[in-house]
Amino acid sequence: MLTNQDQQIIKELKAKPRQYDAQADALYLQYEYLIDVGCRKYYLNNDDSFTAYTEALFSFIGNIVNGHFDGHSSLSTYLHKIFYNKCVDLVRKNTTNKQSVHKSAMLPELLAQLPDGTRDIVEKLVNEENRRAVNIQMETIGEKCKTILLLFEDGLTDKEIADELSYNTAAVAKTTRLRCLEKLREKVMDFIRRR
């Protein structure tokens, strides 16, 4: 089932790091259209589809390099299957998160019932508490994540962050940033729930 091109790709991915990087970049560009597929077919937003694609590509390459790919399908079929699974995981996660958001939608309704002056004070306290939670959890996500999120907050683009932190491409910087942002969001939500 493997074509000669598939066998060459596998050989190059398992080769020296210099060839590995070139082949990984070529694969990224070759299958980049999957990002649009994720948006159209699975109704993901562009960032989520991009995350699914890059995670699928990292898993795909890791499985080949580590010898977990058995060769019973073409590389294209194998990558598409991994991408499908990543998209389904994100759809499930987003659906679960949206349902939990709807359950906690009582705060805006309660705020609307307060007099204007009181509402402003309560909103200010909630915002200050949320900001404090973010600052506390920024210290727990690791120095790399903290640095990339602060650079993005300062207005740097993913390309500029890639250059600053020596990532191979802006796509790698964006994937790392999105993972760090999700990690921070989860920690903040856990922190707020525990209080």
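In the block above lies the structure referred to throughout.
It should be emphasised that the depicted structure is a prediction, and the values quoted were computed from it without experimental measurement.

Colleague: Looking at this structure, how should I read the layout of surface pockets?
Modeller: In this approach, a probe sized like a water molecule rolls over the atoms, and the result shows the empty space that is left. Of the voids in this model, the largest pocket is the one considered here, and its volume is about 570 Å³. Lining the largest pocket are 20 residues; nearest its centre among them are D48, K93, N94, E182 and R185. Mapped by element, the contributors of at least two residues to the lining of the largest pocket are α4 (46–65), α5 (75–103) and α10 (170–194). By residue class, the composition of the lining of the largest pocket is six nonpolar, four polar and ten charged.

Colleague: Help me understand helix α9 (residues 158–165), please; the structure alone is not making it clear to me.
Modeller: Every α-helical turn comprises 3.6 residues, leaving residues that sit three or four positions apart pointing alike. Within the span of α9, buried status applies to D158, I161 and A162. The arc that holds the buried residues of α9, viewed along the axis, is 105 degrees, so those residues lie on one side. For α9, the exposed residues lying more than 90 degrees away from the buried face are D163 and E164. At its buried positions, α9 is contacted by α8 (143–153) and α10. Of the residues one or two after α9, S166 is the one with positive phi, at around 60 degrees.

Colleague: Explain unusual backbone geometry here, please?
Modeller: Keep in mind that most residues, glycine aside, have a negative phi and that most peptide bonds are trans. Positive phi, close to 60 degrees, is recorded for Y43, a residue that is not glycine. Mapped onto the fold, Y43 is located in the loop between α3 (34–42) and α4. A positive phi is found at S166, a non-glycine position, where the angle reads about 60 degrees. Residue position: S166 is located in the loop between α9 and α10. By relative accessible area, S166 is classed as exposed at 65%.

Colleague: Would you mind going over the state of the cysteines with me for this structure?
Modeller: Defined simply, a disulfide is a covalent bond joining two cysteines at their sulfur atoms. Under the definition given, this model contains one disulfide. Across the disulfide, C145 is cross-linked to C180 (sulfur-sulfur distance 2.1 Å). Taking the sign of the torsion about the S-S bond as the criterion, the disulfide between C145 and C180, at about -70 degrees, is left-handed. Residue C145 is found in helix α8, and its partner C180 is found in helix α10; the two are separated by 35 residues along the sequence. For C145, a relative accessible area of 10% puts it in the buried group. By relative accessible area, which is 2% here, C180 ends up buried. With no disulfide partner, C39 has as its closest neighbouring cysteine sulfur the one in C87, 8.8 Å distant.

Reading the values: rules and limits
As a convention, each chain's residues are numbered from 1 in the sequence order in which they are written. Totals for whole chains, interfaces and linings use all residues, but because this is a predicted model, local features are given only for residues with pLDDT of at least 70 and pairs of side-chain atoms are given and counted only at 80 or more. Only hydrogens and water are removed before side-chain values are computed, so all heavy atoms of the structure are retained for them. Using protein atoms alone on a 1 Å grid, points that fit a 1.4 Å probe yet trap it form a cavity, whereas open point sets bounded by protein on both sides within 12 Å along at least five of seven lines form a pocket; residues with an atom within 4 Å of a point count as lining. Grid points are joined across faces, edges and corners, and a volume is the space filled by probe spheres set on the points. Put simply, DSSP H or I for four residues or longer makes a helix, DSSP E for two residues or longer makes a strand, and each gets a number counted from the N terminus. Following the grouping adopted for this structure description, the nonpolar residues are Ala, Val, Leu, Ile, Met, Phe, Trp, Tyr, Cys and Pro, the charged ones are Asp, Glu, Lys and Arg, and the polar ones are all others, Gly among them. Note on exposure labels: buried denotes an accessible area under 20% of the residue type's maximum, exposed denotes more than 50%, and partly exposed covers the range between, all computed with a 1.4 Å probe on protein chains only. Of all possible arcs, the one meant is that of the directions from the helix axis to the C-beta atoms. We call two residues in contact when some of their heavy atoms are within 4.5 Å. Here, two cysteine sulfur atoms that lie within 2.5 Å of each other are counted as a disulfide.

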